[in-house]
Structure formats: structure tokens, C-alpha cells
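Okay, here's what each chain looks like letter by letter:
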Amino acid sequence: MPKVIHFDNLDDAQQILGVNDSHIRVLEDEYDAEIRSNGHEVKIQSDNEETEVKIYNILMALLRVKQQGHQVTLRDLQSAIQMAEKDTLEYLEDLYKEEIAKDYRGKPVRAKTTGQQIYVNHIKNSDLTFGIGPAGTGKTFLAVVIACQMLKDNDIKRIVLTRPAVEAGENLGFLPGDLKEKVDPYLRPLYDGLHAILGQEHTDRLIERGIIEVAPLAYMRGRTLNDAFIILDEAQNTTSMQMKMFLTRLGFGSKMVVTGDETQIDLPSKTRSGLIESVERLRNVRGVQINHFTDQDVVRHPLVSRIIRAYEAGDLNVND
């Protein structure tokens, strides 16, 4: 017998099933199932009963989120799918209870997976937090969101965002333009996070006043950063010495977040990543939190998770 869900009104049905049943197509693409809707009712049918139950539970969980007054989007569906795969779907509603911040348009920003929620709690409660995992897991964006909120709440006095530029050597001389024009392309993801929360004009004003600093990693040398929120992005491309230099910049009243992807190291083959070494050295140090994200925490297009899994499946035997 196919699983059946009845909707009390068309608004519930449209949000849960997506405009023109777009969410249904995502679910059918993700699972081997046939899903049919007539507006007030949806039928789920598959040769695998567990698949039917999984899809039914995903849609019911989203319906409960909608009935609590939240808008349900494709991102919410993707979060529900990921949590269903990790057997944590029962905690989906908890993600909507805590608002991290509001973006510059006034829309709430929340964790989208349990992994993100744990990461957010670690950042709030620890002075040094590592976020390690593939692109699209929100590790850098969430750190920027929390930094902006702490700045608004006067919990810190400044935000410092940095990353190694042009791999680890930071050899910028051959690039055209002044220093800002040389490094800005490498720092663009950090600017994007700031613009999403503060808006571009407000971000530019805070940068002009020195309250927000976006700079290549080399500019951290010799400094002690007090009352600041400091984020090191793309940390997999630091050397051991660069990482040690950065971590020892931590001052009183400050927080540090280090983000990176261990599968995207651009260092020369004989150079060990400072990120990998620091995680090994600091694993058991009190006050340090290390978060490992997986493809299940990716909150981009559903295809991104499958691409990551395909690349992680193993090397291809290719004859040149």
C-alpha cells in the first residue's frame, strides 16, 4: 500500500510539495520512488517500503515546520533529506527554535543541519573552534554570521577575516594593481558573508573605520588581537609555521574560528598542511573544539552532495 498524506489546505500542500511540485521532483530524483499529488493529497509509492516511510517522514516533518509558522523552501527540504539519511530527522524542528542572527533584509539565519547546530554552539562557547569539511557546509558563512552578531551585541570590538592568498606562499607581486586589488579576489567569500548579514554599504563603512579587517594571512604576523573575532579561512593551505603564527595571535576577550577542507590542499607535495597538523596537536587540548563536516551537511543544491560522494568514492583507473 502506498503511503498517503492529506493536506488541510492548499498553502500547506504548495509549500511542502514545492511550486509546481518541484520538491516532489527532488525527492523522486533522490530516492527510487513515484510520488503523485492532486493538490490536497500526495501518494508515495516504491518497491522499497523503507523508502516510502522515509519520504513520508520527510514530508510530515516539513509539514510540522510549516505549521509552526516557518516558510518551507528547497533548502529546508535538503536539510530534511540529509537528516533522514543520518537518522536525525526527529530533530529537524529543533533547528527552527534557535535564530543565530538576522540578515540585512531582516530574514532569520538558522543552522540547517545538526552538524551546523553543534558547530554554532561550539563557536559560541569556545575560544578556538575548527570547522573542517567540504564546500557548501556553511563552515565559513556561519562563523561570519556569529561574528557579525557579536559585533552588533558589543561582545567584541572588531572582526578580523583572513586567509592564505595564492596558495601558501602568498606571492602576490606578479598580480596587477595595488595590494587591495591583488588580494580581494582571494578574500571574496569572506566579503560575501559580510554583505549577506550587514549589507555592502554597512560592511564598507565598518572596513573604512577599521572595525572589520579583511587581509591576507601574512598581515597577522607580530600582532596580538584582543576583543576580536578572528576567522582563518582556507586553512588547509597554511604551512605549519603559518598556522602556529596565526593561532598565537589570540588575545584576551577574543574568539578564533579556523575553517578548511582537507581534500583541497594546494601546497607543494612535500609541504604538510598546517591545518592537518594543528588538528592532530590540539585534539585533546582543553578549550579547543574540532568539528568535522561531511557531505550530509552540504546545504547547496542537492546534486552537490552527490558530486562530493562520487569524488570520495575512490580513484579511477585511467590509462593515459
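First, a word on scope: everything that follows refers to the structure included in this document.

## Focus on the sheet that holds strand β8 (residues 212-216)
Item 1. One open sheet accounts for six strands, arranged β8-β7-β9-β10-β6-β11; its pairing is parallel. Whereas interior strands pair on both sides, the edge strands pair on one side only; in this sheet they are β8 and β11 (288-292). Averaged over all pairs of adjacent strands, the angle between strand axes in this sheet comes to 15°, irrespective of strand direction.
Item 2. Bridging between strand β7 (residues 158-163) and β8 involves five bridges; their strand directions are parallel. Looking at β8, one finds that L161 is bridged to V214.
Item 3. Sitting on the sheet, helix α5 (residues 114-125) is in contact with β6 (128-132), β9 (228-232), β10 (255-260) and β11, with an inclination near 145° to β10.

## Focus: the sheet that holds strand β2 (residues 34-37)
Item 1. What the three strands build is an open sheet, ordered β1-β3-β2; its pairing is antiparallel. Pairing within the sheet leaves two strands with one partner each, and these edge strands are β1 (3-6) and β2. Averaged over all neighbouring strand pairs, the angle between strand axes comes to 15°, with direction disregarded.
Item 2. Of the pairings in the sheet, the one linking β1 to strand β3 (residues 41-45) comprises four bridges and is antiparallel in character. When the sheet's bridge partners are listed, V4 is paired in β3 with K43.
Item 3. Along the sheet, helix α2 (residues 22-30) contacts β2 and β3; its crossing angle with β2, the most-contacted strand, is approximately 165°.

## Some details on the pattern of salt bridges
Item 1. The full count for this structure, using the stated rule, is 16 salt bridges.
Item 2. Measuring nitrogen to oxygen at the nearest pair gives 3.4 Å for the salt bridge that ties E34 to R36.
Item 3. Overlapping salt bridges bring together D11, D12 and K66 as one network.

## Comments concerning a nonpolar patch on the surface
Item 1. Where nonpolar side chains cluster on the molecular surface, the patch consists of L303, I307 and Y311 and spans about 350 Å² of accessible area.
Item 2. Its place among the elements puts L303 in helix α12 (residues 302-312).

## Topic: the pairing of β2
Item 1. As defined by bridge partners, β2 adjoins β3 across four bridges and the pair is classed as antiparallel. Its bridge partner being in β3, E34 is matched across the sheet by Q45.
Item 2. Between β2 and β3, which pair antiparallel in sequence order, lie three residues; one of them, G39, sits at a positive phi of approximately 105°.

Criteria and cut-off values
Residues numbered from 1 in each chain as written. Predicted model: local features only at pLDDT ≥ 70, side-chain atom pairs only at ≥ 80, totals over all residues. Heavy atoms only, no water. Pairing = 2+ DSSP bridges. Helix = DSSP H or I, 4+ residues; strand = E, 2+ residues; numbered from the N terminus. Axes fitted to C-alpha atoms, helices over the stretch in contact; angles between N-to-C directions. Contact = heavy atoms within 4.5 Å. Salt bridge = Lys/Arg side-chain N within 4 Å of Asp/Glu carboxyl O. Patch = residues over 30% accessible without salt bridge, like charges linked within 9 Å, V, L, I, M, F, W, Y side chains within 5 Å. Areas by Shrake-Rupley, 256 points an atom, 1.4 Å probe, with all protein chains shown as cover.

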